[in-house]
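# Structural features, examined
The lines below spell out each chain.
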Amino acid sequence: MPQTIAISGASGKIGGRVAGLLAPSSARLRLLGRRVEHIAPIEGATTATVDFGDPATVASALDGVQTFFFVSATESADRAAQQIAVVNAAKNAGVQRIVYLSFVGAAPEATFTFGRDHWHTEQAIRDSGLAFTFLRDNQYQDIIPHFADADGVIEGPAGDGEVAAVARADVADCAAAVLDSTAYDGETFDITGPRAFSLTTATADMTEILGRPFRYVDQTVDQAYASRAKYDAPKWEVDGWVSTYTAIARGDLAQVTDAVQHLTGRPATDFRDFLATLPKDS
């Protein structure tokens, strides 16, 4: 009997693409989301409502599922605890394997503070005794243009550090390849683009390809916190925003791997090639 694969975040960029890629396979798909009406319909797939803040919905949604593609929850003050509860609910529901979308450098004291949640989740999955694969993606190329303000300025304390940013589509393609095979059980992959680059280089590429001016302005950490105070966001959230840049400055995101090539059989997308797919007014 074909296995059932559950895909969380199925209405999102990653989960939705993974679902589409797996649709022609023999696996039965269960597409999960907080609002299932936002999930694109796929012939033969079922949907289930899930709220990671409510483990009972997780257990119900994963009943009869063998493999769970676990796209991490939206950042929150208690995301690690939420996700540990999700792992426990998945095990209790009878899930046999979790493919978890993590982050490069996940560690209890990771510079990028949101990366700490991923480490705790990884440990919970290891402790569960379930089969697993961890896909630790780098920063998404897709969001770098959105770092810029209305004037095309990216401000942050990244210095001349580099980031091996990866296209979101490449991450989804890697996930689909792993979900469609058991050959990668127990492995951890750092999913990166084909090169690392500074934000100065990124803004130069954006200026050339998107057809309007962008520039990077380096900040001190104190300046970064001060410039973001206007958002009146909670400290944990601002820490995450600022540490996006300090992780780059420290070199935590600079390592380039061949994971995309290894898992998909094709080269990772270059940032310049990704930019060329965007409308000129992006």
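Anything mentioned here points back to the structure above.
Residues numbered from 1 in each chain as written. Predicted model: local features only at pLDDT ≥ 70, side-chain atom pairs only at ≥ 80, totals over all residues. Heavy atoms only, no water.

## Considering the nonpolar core
Proteins that are soluble and globular tend to have nonpolar side chains buried together. Counting residues in hydrophobic clusters, the biggest one holds 32 residues, and the most contacted among them are I7, V18, F69, L135 and I191. Among the secondary structure elements, those contributing two or more residues to this core are β1 (4–7), α1 (13–22), β2 (28–33), β4 (67–71), β5 (97–103), α5 (168–179), β8 (188–191) and α9 (259–264). For this core, the element with the highest residue contribution is α5, accounting for seven residues. The contact partners of I191, leaving out residues within four places of it in the chain, are L135, R136, D137, N138, V166, V171, C174, A259, V260 and L263. (Core = buried A, V, L, I, M, F, W, Y, C linked by side-chain atoms within 4.5 Å. Buried < 20%, exposed > 50% of the residue type's maximum accessible area, 1.4 Å probe, protein only. Helix = DSSP H or I, 4+ residues; strand = E, 2+ residues; numbered from the N terminus. Contact = heavy atoms within 4.5 Å.)

## Some details on the environment of A254
Turning to its location among the elements, A254 is positioned in the loop between α8 (235–249) and α9. By relative accessible area, which is 25% here, A254 ends up partly exposed. A sequence separation of 93 residues divides A254 from G161, and the C-alpha atoms of the two residues are 7.6 Å apart. Among all residues touching A254, those that are not within four sequence positions of it are E162, A164 and A196.

## Let's talk about unusual backbone geometry
Its identity is not glycine, yet D232 carries a phi of approximately 50°, on the positive side. Take D232: it is sitting in the loop between α7 (221–228) and α8. The class of D232 is exposed, set by a relative accessible area of 69%.

## Structural notes on helix α3 (residues 79–93)
Between its first and last C-alpha atoms α3 spans 21 Å; for 15 residues at 1.5 Å apiece the expected length is 21 Å, and the two agree. Those residues of α3 that sit buried are R79, A80, Q83, V86, V87, A89, A90 and A93. Looking at the buried side of α3, the elements it contacts are α2 (55–61), β4, β5 and α4 (114–128). Just downstream of α3, G94 is the residue with a positive phi angle, here 100°. (Expected span 1.5 Å × (residues − 1).)

## Quick notes on the side chain of D117
Looking at the secondary structure, you find D117 in helix α4. The residues touching D117, leaving out its near neighbours within four places in the chain, are S76, R79, A80 and Q83.

## Remarks on the packing of aromatic side chains
Describing an aromatic ring pair means giving the distance of the ring centres and the angle of the ring planes. Under the counting rule described, the total for this entry stands at twelve aromatic pairs. On the numbers, 4.5 Å between centres and 20° between planes, the contact of F132 with F134 is stacked. Here the two residues F132 and F134 agree in accessibility, since each one is buried. Each ring, one from Y184 and one from F189, has its centre 5.7 Å from the other, and the planes form 80°; the classification is edge-to-face. Judged on exposure class, the residue Y184 and its partner F189 are both buried. (Phe/Tyr/Trp six-rings, centres within 6.5 Å; stacked < 30°, edge-to-face > 60°.)

## Here we look at helix α6 (residues 199–210)
Look at α6: 15 Å from first C-alpha to last across twelve residues, which is about the 16 Å you get at 1.5 Å a residue. Residues of α6 that are buried: L199, A202, T203, D205, M206, I209 and L210. Down the axis of α6, the buried set is contained in an arc of 160°. They therefore lie on one face. Elements in contact with the buried residues of α6: β7 (153–156), β9 (215–218), α8 and α10 (271–275). Within two residues after α6, G211 carries a phi angle of roughly 80°, on the positive side. (Arc of directions from axis to C-beta.)

## Observations concerning the packing of α7 against α8
Look at α7 against α8: their axes get within 10 Å of each other, and the N-to-C directions meet at 140°. In terms of their interaxial angle, α7 and α8 are classed as oblique. Considering only the axes of α7 and α8, their crossing is right-handed. Seen from α7, the contacting residues are V221, A224, Y225 and R228; seen from α8, they are V238, D239, W241, V242, Y245 and T246. A class-by-class count of the residues in the contact of α7 with α8 yields seven nonpolar, one polar and two charged. (Axes fitted to C-alpha atoms, helices over the stretch in contact; angles between N-to-C directions. Parallel < 35°, antiparallel > 145°, perpendicular 65-115°, else oblique. Left-handed = near helix turned anticlockwise from the far one by under 90°. Nonpolar A, V, L, I, M, F, W, Y, C, P; charged D, E, K, R; others polar.)

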